[in-house]
Amino acid sequence: QVQLVESGGGLVQAGGSLRLSCTASGSIFSINVMGWYRQAPGKQRELVAIITSGGSTNYADSVKGRFTISRDNAKNTVFLQMNSLKPEDTAVYYCNVRARRTWLENENAYWGQGTQVTVSS
């Protein structure tokens, strides 16, 4: 199994910054895409940012220019640096990775437990 452990959430004032981390562990052969999603109360889960194993990135329009995703492939860790936070960024943030446990297996998606980010106005 693949386990994801997230950290870095919390309460911050508008305009502030937070940095989320997510480390994957367990039986891992390879990790392709790593990313962050978020879900606000009463809303569907949405993509925030993703990064491929080669370093290509994609961001939701709402976070472009404010958030930066990066990864450390040697440590199976993905980061999300969040600057200029707004109250509308308040949500539970989930780490997601697409990984293969062995060279024989197809790629599967794995989710972290979520970390709360609250931005006060």
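Residues numbered from 1 in each chain as written. Predicted model: local features only at pLDDT ≥ 70, side-chain atom pairs only at ≥ 80, totals over all residues. Heavy atoms only, no water.

(A) Fine view of the state of the cysteines. Enumeration according to the criterion identifies one disulfide in this entry. Put simply, Cys 22 and Cys 95 are joined by a disulfide, and their sulfur atoms are 2.1 Å apart. Here the disulfide of Cys 22 and Cys 95 is left-handed, its torsion about the S-S bond being about -80°. Of the two residues, Cys 22 sits in strand S3 (residues 18-26) while Cys 95 sits in strand S9 (residues 91-100), which places them 73 residues apart along the sequence. In this pair, the class of Cys 22 matches that of Cys 95, namely buried. (Disulfide = S-S within 2.5 Å. Helix = DSSP H or I, 4+ residues; strand = E, 2+ residues; numbered from the N terminus. Buried < 20%, exposed > 50% of the residue type's maximum accessible area, 1.4 Å probe, protein only.)

(B) Local environment of the pattern of salt bridges. For the coordinates displayed, the defined rule picks out six salt bridges. Two residues, Arg 66 and Asp 89, come together in a salt bridge whose shortest N-O distance is 2.7 Å. Linking Arg 66 in the loop between strand S6 (57-59) and strand S7 (67-72) with Asp 89 in the loop between strand S8 (77-82) and S9, this pair joins segments that are 23 residues apart in sequence. Owing to a relative accessible area of 1%, Asp 89 belongs among the buried residues under this scheme. Linking Arg 98 and Glu 107 is a salt bridge whose minimum nitrogen-to-oxygen distance equals 2.8 Å. (Salt bridge = Lys/Arg side-chain N within 4 Å of Asp/Glu carboxyl O.)

(C) Region of the structure containing unusual backbone geometry. In this structure, Asn 76 is a non-glycine residue whose phi angle is positive, near 50°. Note that Asn 76 resides in the loop between S7 and S8. Backbone geometry places Ser 84, a non-glycine residue, at a positive phi of 50°. Within the fold, Ser 84 resides in the loop between S8 and S9. Among the residues examined, Ser 84 registers a relative accessible area of 41% and is labelled partly exposed.

(D) Representation of the pairing of strand S5 (residues 46-51). Across five bridges, the pairing between strand S4 (residues 30-39) and S5 is antiparallel. Paired with Trp 36 across the two strands is Ala 49, which belongs to S5. Two successive antiparallel strands, S4 and S5, enclose a turn made up of six residues, where Gly 42 displays a positive phi of approximately 75°. Direction of pairing for S5 relative to S6: antiparallel, over a ladder of three bridges. Following the sheet pairing, Ile 50 is matched in S6 by Asn 58. In this structure, the hairpin formed by S5 and S6 is closed by a connection of five residues, where Gly 55 is found at a positive phi of approximately 100°. (Pairing = 2+ DSSP bridges.)

Without other data, these values stay purely geometric and don't point to any function.
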